[in-house]
Amino acid sequence: MTLIALCLALQDPDVVKVTLDVKNASFRTVLDLLRVQTKVPIEIEAEAKKTIDLDETKMDLSVKDLPLTAALKLILLPEGLKAKVVDKKKVLIVLSKDK
């Protein structure tokens, strides 16, 4: 694997791993921690933003060496949201069609 390919893989949300243990943290805080840890941009679609209060929605999350997209799934599904990977380099949070 070339250095460029390795760097791209390290930013791929389906590949990059996260370890996080938070209790009663706001949705915004958890997303910020995931962004900082992974260096992967995480954006929220306008329609999805309307359905959740980023500061008032609290959660507990404890994950170890889990792919970013899997960790996001744990916090997004209960809120009727899902993560959409864009060009293997960023995540867009959108409304789940199942909502």
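Above this text you will find the structure in question.
Conventions we followed
- Residues numbered from 1 in each chain as written.
- Predicted model: local features only at pLDDT ≥ 70, side-chain atom pairs only at ≥ 80, totals over all residues.
- Heavy atoms only, no water.
- Helix = DSSP H or I, 4+ residues; strand = E, 2+ residues; numbered from the N terminus.
- Buried < 20%, exposed > 50% of the residue type's maximum accessible area, 1.4 Å probe, protein only.
- Contact = heavy atoms within 4.5 Å.
- Areas by Shrake-Rupley, 256 points an atom, 1.4 Å probe, with all protein chains shown as cover.
- Arc of directions from axis to C-beta.
- Polar contact = N/O pair within 3.5 Å; in protein donor to acceptor, adjacent residues only side chain to side chain.

(A) Representation of the overall build of the protein. When helices and strands are counted, the protein shows 4 helices and 5 strands. Mapped from its N terminus to its C terminus, the protein presents α and β elements in the order α-β-α-β-α-β-α-β-β. For the protein, buried positions account for 35% of its 99 residues. Considering only residue pairs separated by 6 or more positions, the protein has 65% of its internal contacts joining residues 24 or more positions apart. Looking at the protein as shown, the accessible area adds up to about 6200 Å², and 56% of this sits on carbon and sulfur atoms.

(B) Examining unusual backbone geometry more closely. A positive phi angle, near 65°, is found at K39, a position not held by glycine. Of note in this structure, K88 is not a glycine but carries a positive phi near 55°. Take K88: it is sitting in the loop between β4 (81–86) and β5 (90–95). On the basis of relative accessible area, K88 is assigned to the exposed category, the value being 55%.

(C) Spatial organisation of helix α4 (residues 68–76). Those residues of α4 lying buried are L68, T69, A71, L72, I75 and L76. Projected down its long axis, α4 shows its buried positions confined to an angular sector of 160°, all on one face. Buried-residue contacts for α4 involve β1 (17–26), α2 (27–38), β2 (42–44), β3 (58–67), β4 and β5.

(D) Geometry of the environment of T57. Among the secondary structure elements, T57 is positioned in the loop between α3 (46–49) and β3. Using a relative accessible area of 15% as the deciding quantity, one classes T57 as buried. Each C-alpha atom, one on T57 and one on F27, is 5.7 Å from the other, the two residues being 30 residues apart in sequence. Sequence-distant contacts of T57, defined by excluding residues within four places in its chain, comprise A25, S26, F27, I52 and E79. Separated by 2.9 Å, the side chain of T57 and the backbone oxygen of D53 make a polar contact.

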